[in-house]
Amino acid sequence: MQKTTKELIDGQALSKLQYTTFFVCFVMNILDGMDVMVISYCASAIASSWQVGPEELGMVFSSGLAGMMIGAMFLAPFADHIGRKRMILISAFLMGASVLMTAWSQTITQLIFLRFLSGIGIGSMLASTATLTAEYAPDRKKDFWVSFVLSGYPVGAVITGMVSANVVPEYGWAVMFILAGLASFICLPLIYFLLAESIYYYLKKQPKGALQRVNKILGKMEHAALDSLPEIELKSSGIPVNKLLNKEYRMPTLQLWTALFMAFGCLYFLISWIPKLTEATGLSMSLAIYAGTVFNMGAFFGIISQGYISSRMGIKRTVALFLGITGILMATFKMFIGSNTLLFVIGLLGFTLQGGFVGLYVVAARIYPTEFRTTGLGWAIGVGRLGGVIGPALGGVLIGIGLSMAENFMIFSIPVILAGLITFYLASTKLS
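All values derive from a computational prediction rather than experimental measurement. (Residues numbered from 1 in each chain as written. Predicted model: local features only at pLDDT ≥ 70, side-chain atom pairs only at ≥ 80, totals over all residues. Heavy atoms only, no water.)

Caption draft 1: Region of the structure containing the packing of aromatic side chains. Using the criterion set out here, one finds 25 aromatic pairs in the structure. Residues Tyr19 and Trp145 carry aromatic rings whose centres are separated by 5.9 Å and whose planes lie at 75° to one another, so their mutual orientation is edge-to-face. Placement of Tyr19 in helix α2 (residues 16-50) and of Trp145 in helix α7 (residues 142-150) is noted, with a sequence separation of 126 residues between them. Residue class for Tyr19 comes out partly exposed when judged on its relative accessible area of 45%. Both rings, one in Phe264 and one in Tyr361, keep their centres 6.5 Å apart while their planes meet at 55°; by these two values the pair is tilted. Here Phe264 is found in helix α14 (residues 250-280), whereas its partner Tyr361 is found in helix α17 (residues 342-367), with 97 residues between them in sequence. The pair formed by Phe264 and Tyr361 is uniform in burial state, with each residue classed as buried. (Phe/Tyr/Trp six-rings, centres within 6.5 Å; stacked < 30°, edge-to-face > 60°. Helix = DSSP H or I, 4+ residues; strand = E, 2+ residues; numbered from the N terminus. Buried < 20%, exposed > 50% of the residue type's maximum accessible area, 1.4 Å probe, protein only.)

Caption draft 2: Region of interest: the packing of α2 against helix α8 (residues 152-171). Where α2 contacts α8, the two axes come as close as 6 Å, and the packing angle between them is 40°. With respect to each other, α2 and α8 are oriented oblique. The crossing of α2 and α8 is right-handed. Residue-level inspection shows Phe26, Asn29, Ile30, Asp32, Gly33, Met34, Val36, Met37, Val38, Tyr41, Cys42 and Ala45 of α2 in contact with α8, the latter providing Gly152, Tyr153, Val155, Gly156, Ala157, Ile159, Thr160, Gly161, Ser164 and Val168. (Axes fitted to C-alpha atoms, helices over the stretch in contact; angles between N-to-C directions. Parallel < 35°, antiparallel > 145°, perpendicular 65-115°, else oblique. Left-handed = near helix turned anticlockwise from the far one by under 90°. Contact = heavy atoms within 4.5 Å.)

Caption draft 3: Quick peek at the nonpolar core. Met28, Tyr136, Leu256, Tyr268, Leu270 and Phe295 are the most contacted members of the largest nonpolar core, which has 136 residues in total. Per element, the largest residue contribution to this core is 21 residues, and it comes from α2. Other than its neighbours up to four places away in sequence, Tyr268 contacts Val36, Leu65, Met68, Tyr153, Arg385, Gly388 and Pro392. (Core = buried A, V, L, I, M, F, W, Y, C linked by side-chain atoms within 4.5 Å.)

Caption draft 4: A look at the pattern of salt bridges. One pass over the full model with this rule turns up six salt bridges. Between Asp80 and Arg84 there is a salt bridge; the shortest N-O distance is 2.9 Å. Residues Asp80 and Arg84 agree in their burial class; the two are buried. For the salt bridge of Glu135 with Arg373, the shortest nitrogen-to-oxygen distance reads 3.3 Å. (Salt bridge = Lys/Arg side-chain N within 4 Å of Asp/Glu carboxyl O.)

Caption draft 5: Quick peek at the side chain of Asp143. Relative to the helices and strands, Asp143 resides in helix α7. On the basis of relative accessibility, which here comes to 5%, the residue Asp143 falls in the buried class. Every residue in contact with Asp143, bar those within four places of it in the chain, is listed here: Gly307, Ser310, Ser311, Ile315, Val362 and Arg366.

Structure (structure tokens):
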């Protein structure tokens with residue numbers, strides 16, 4: 001029966017239900033982008049207000065990323081048991097509550113703890129929305145739709161940057177956390193009333209009332225109802241994580257984890273420190289915030305372009321190309337400092353790096369089956385985020401000892417080039 005359902009999704013035009021699902025997941029990733037980037041855009045104001053140095057800010061950045069790692073690895077996999085929709089609801093509530101409370105933090109310790117909690121929700125949200133999108137997208141357009149949904153992340157970052165440039169200098173950094181937290185709470189009804197659960201989840205896990213729920217979804221997709229549920233062909237056994245490292249999946253899993261580790265380290269160094277680094281080159285706080293906004297505007301178009309190109313050229317070659325170009329731009333970044341092209345190059349870095357980076361999520365969504373797809377995505381994101389934890393913290397140390405922006409970019413160009421090479425040679429028959 002799963003084959004019939006797969007044929008339904010692959011062979012027919014997208015229904016209103018599928019478009020609505022993609023839209024809600026896109027909005028959830030806008031929230032992800034807002035909640036991740038709000039700390040970066042407020043970093044300079046917090047540093048000035050609390051008199052803290054780059055090393056302490058690096059710990060704040062890394063605490064959020066550590067939470068994202070925990071959320072992706074240990075919270076998101078429960079979506080394979082309780083459903084993608086429930087996990088998205090839980091994640092949005094956790095994000096909203098912790099980000100809102102951050103506005104009233106008074107010490108670095110409190111800030112670190114609350115960023116860790118918000119990170120748990122953010123990490124789980126990303127893995128769950130990517131999985132749900134992959135299960136509703138037709139195979140021929142899966143790369144595009146997963147990339148499109150994840151492009152909500154830089155959209156959220158851009159919105160936050162534009163608002164921050166006006167709000168932070170005038171009203172202070174705490175107001176930004178209040179706005180970001182309220183946005184997550186406002187979206188809870190959107191998830192509850194509009195988001196559809198995965199048909200594949202119902203057919204594979206068969207929770208109570210699964211047949212009625214599946215038929216309700218099929219009706220909205222204008223497809224005939226089922227008389228009964230199919231037999232469960234694959235029984236759940238053992239720890240799901242073990243399945244990621246069995247004979248079939250071991251090599252591509254380890255390659256994917258390594259590529260994400262390196263790409264995460266580079267990406268989160270950039271998104272955490274671009275506003276602070278560009279301010280050090282002589283730009284005002286407002287223009288430095290806009291540098292981060294330009295980076296994320298480039299990311300949106302890069303992610304969409306990557307999804308389109310991948311559906312024609314193949315995901316592995318496309319990701320390798322995007323990450324390779326990123327490495328070259330970072331290695332030669334010194335040439336652009338002080339020139340009128342600086343903001344353009346920062347936007348181009350967002351285009352190539354985040355386009356290639358999100359492509360690695362598409363890789364994960366393709367190589368793992370429904371039974372443990374969220375687990376596979378969550379652990380890929382979680383292991384990769386170890387690099388994301390190290391990147392900003394290492395950046396804080398390097399900046400603290402006096403390395404220039406160009407020298408930092410040169411150092412972080414190395415892992416992103418290696419990530420591209422590893423992806424190009426990733427061993428999976430499910431990828432082209």
